[in-house]
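# Architecture at a glance
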Amino acid sequence: MNINHPAEGLLILIIGVSIFFPQLPIGGSQFSTDWAILYACMMPVLYCCFSNDYKRGGVGMYLVLFLLHLISLCYACGVLNVRANIGDFWTLFTEFRYVILICLACLCSFDVFYHFFDSFIKVGSVILIGISFLEFFNVAGFASIVGRYYSSQLHIDSMTNGAHRIIVTGSDPNVGGVILAFFFLYRFLSFFINGRKKDLWVSFILLTCIMLTSSRTIFIGVVCYMVLKLLTDTSIKKYIKVLILSFGGVLIILLIPYFEYLLSGIQTVASVEGNSSFNARLNAWKYFLSLADKSKLLGWGPANHIIDNFPVDGEYVLLYFRYGLLGILCYFFINVRMLFFPRFGKIFDNRMRLYGSYTKAIFFISLFVMLTNNFYSGKQLFPLYLSVLTVFYNQNLKLRYKKCN
């Protein structure tokens with residue numbers, strides 16, 4: 001952490017730890033290392049944020065979201081007769097870290113954070129590419145070693161004996177795929193905005209690494225974003241669009257036959273028959289939607305005693321079940337508000353253009369992720385997105401304030 005820029009250094013440290021470090025076993029549960037750091041620094045962060053004249057964009061909105069979740073828990077206990085357990089309060093406790101994280105991001109200088117984060121992405125890309133190929137080829141038992149610290153025996157077997165689905169530094173292949181997508185999107189967009197040719201080649205290697213996870217949802221989301229970006233962005237020269245689409249298409253066609261799990265999933269995505277993964281999720285969705293219909297506005301609260309016995313993969317259903325229509329609508333309203341408003345005219349600063357495109361790209365990918373996995377409720381993924389989004393949003397507020405004055 002840079003002592004001359006403590007807020008920016010601490011935020012990058014938390015992002016880095018959430019991406020690269022395994023969870024800490026505390027008691028009978030797993031505790032993310034970034035949470036430990038964030039809660040250890042909670043009091044000075046909150047004091048600095050509220051005792052000085054900082055732009056605190058996003059803090060109030062996420063406090064409202066947190067209070068809605070608390071109301072859902074109280075409603076479930078008082079009206080639905082749900083027995084709250086320590087896990088329910090633990091879920092709310094872990095969600096409060098997002099408020100602290102936003103407060104920390106509000107203390108950051110955009111210029112300093114941009115420099116730190118750009119270096120983090122450059123170094124992190126190389127590390128993740130190395131880890132990906134070491135896991136896939138299981139060099140010196142590397143996949144088993146990493147799997148013991150980051151994941152479960154199920155995914156270790158998948159890496160070493162089964163479908164060869166790597167986890168990178170995630171708790172499972174899907175989380176690993178999203179982590180790689182974070183770095184891919186930044187390098188891919190940086191090529192167009194900053195003109196760094198190396199970024200394009202690195203992004204193609206990262207796309208290959210995403211295929212190594214065999215995460216169908218992430219792969220489809222990333223490919224859809226690439227195609228939409230190239231087809232709709234009029235600032236990109238046509239010959240560059242043709243070259244990237246051609247090279248990317250050839251790369252995918254040549255490599256995808258080697259990933260049986262990914263290929264079979266894409267082939268059966270339109271058919272329920274034969275897709276056991278989809279069938280299992282569909283049954284869970286039907287069950288939780290039937291419960292959620294009994295409390296449409298406020299949901300059932302965290303309700304971990306139900307979820308622990310019958311896990312649900314798919315965050316749209318999970319958020320609707322837990323926090324009702326009010327909770328899920330509030331979540332999307334906050335994201336849209338911070339991504340697209342305030343607007344003060346055309347952005348000419350390449351750094352702001354990059355952050356604007358990057359945060360929108362992550363949000364776009366998250367819409368795919370939330371179909372079958374968790375993004376907001378996950379332990380590793382949301383901190384990076386929320387940190388960059390808050391820094392971008394507060395810089396937007398500052399620019400609007402300067403323009404108005």
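Refer to the structure presented above.
Residues numbered from 1 in each chain as written. Predicted model: local features only at pLDDT ≥ 70, side-chain atom pairs only at ≥ 80, totals over all residues. Heavy atoms only, no water.

Its location among the elements puts Asp157 in helix α9 (residues 153–160). In this structure the C-alpha to C-alpha distance between Asp157 and Ala143, which are 14 residues apart in sequence, comes to 9.3 Å. (Helix = DSSP H or I, 4+ residues; strand = E, 2+ residues; numbered from the N terminus.)

Here helix α1 (residues 6–20) spans 20 Å end to end across 15 residues, near enough to the 21 Å set by a 1.5 Å rise per residue. Most of α1 sits out of view: 13 of its 15 residues are buried. (Expected span 1.5 Å × (residues − 1). Buried < 20%, exposed > 50% of the residue type's maximum accessible area, 1.4 Å probe, protein only.)

The next thing to look at is the state of the cysteines. Under the defined criterion, the tally for this structure stands at 0 disulfides. Here Cys77 is not cross-linked by a disulfide; its sulfur's nearest cysteine counterpart is in Cys74, at 6.8 Å. By relative accessible area, Cys77 is classed as partly exposed at 30%. (Disulfide = S-S within 2.5 Å.)

The next subject is the packing of aromatic side chains. The tally for this structure, following the rule as stated, stands at 41 aromatic pairs. Aromatic pair Phe110 and Tyr114: ring centres 6.3 Å apart, planes at 35°, arrangement tilted. Of the two residues, Phe110 and Tyr114 are both situated in helix α7 (residues 110–136); the distance of 4 residues between them amounts to about one turn of the helix. Accessibility assignment for this pair places Phe110 and Tyr114 in one class, buried. Seen in terms of ring centroids, Phe117 and Tyr358 are 6.1 Å apart; in terms of plane orientation they differ by 50°. Their pairing is tilted. Here Phe117, found in helix α7, pairs with Tyr358, found in helix α18 (residues 350–372); they are 241 residues apart in sequence, far enough to count as distant. Considered together, Phe117 and Tyr358 belong to a single accessibility category, that of buried residues. Among the aromatic residues, ring-to-ring pairing joins Phe20, Phe110, Phe113, Tyr114, Phe117, Phe120, Phe183, Tyr186, Tyr355 and Tyr358 into one connected group. Across the ring face of Tyr114, the terminal group of Arg351 is positioned such that the distance to the ring centre comes to 5.9 Å. (Phe/Tyr/Trp six-rings, centres within 6.5 Å; stacked < 30°, edge-to-face > 60°. Lys NZ or Arg CZ within 6 Å of the ring centre and 35° of its normal.)

Let us look at the environment of Gly58. Of note, Gly58 is situated in the loop between α3 (42–51) and α4 (59–78). Residue Gly58 is classed as buried on the basis of its relative accessible area of 5%. Along the backbone, Gly58 and Asn394 are 336 residues apart, and their C-alpha atoms lie at a distance of 8.3 Å. Not counting chain neighbours up to four residues away, the residues in contact with Gly58 comprise Ile102, Met338 and Tyr393. (Contact = heavy atoms within 4.5 Å.)

With the rule as written, the count across this model stands at 7 salt bridges. With its nearest N and O atoms 2.7 Å apart, the salt bridge here joins Asp199 to Arg196. The exposure class of Asp199 is buried, given its relative accessible area of 2%. The residue Lys229 makes a salt bridge to Asp233 at a minimum N-O spacing of 2.7 Å. Taken as a pair, Lys229 and Asp233 share a single burial class, namely buried. Each of the salt bridges in this network shares a partner with another, and the network as a whole consists of Asp118, Lys122, Arg187, Arg196 and Asp199. (Salt bridge = Lys/Arg side-chain N within 4 Å of Asp/Glu carboxyl O.)

The next subject is the nonpolar core. Counting residues in hydrophobic clusters, the biggest one holds 115 residues, and the most contacted among them are Tyr62, Phe117 and Tyr358. In terms of residues, this core owes the most to one element, helix α10 (residues 173–194), which gives 15 residues. Among residues more than four places away in sequence, those in contact with Phe117 are Ile12, Ile15, Tyr186, Tyr355, Tyr358, Leu384 and Val388. If you look at the next biggest cluster of nonpolar residues, it comprises 15 residues, including Phe288, Ile306, Ile307 and Val312. (Core = buried A, V, L, I, M, F, W, Y, C linked by side-chain atoms within 4.5 Å.)

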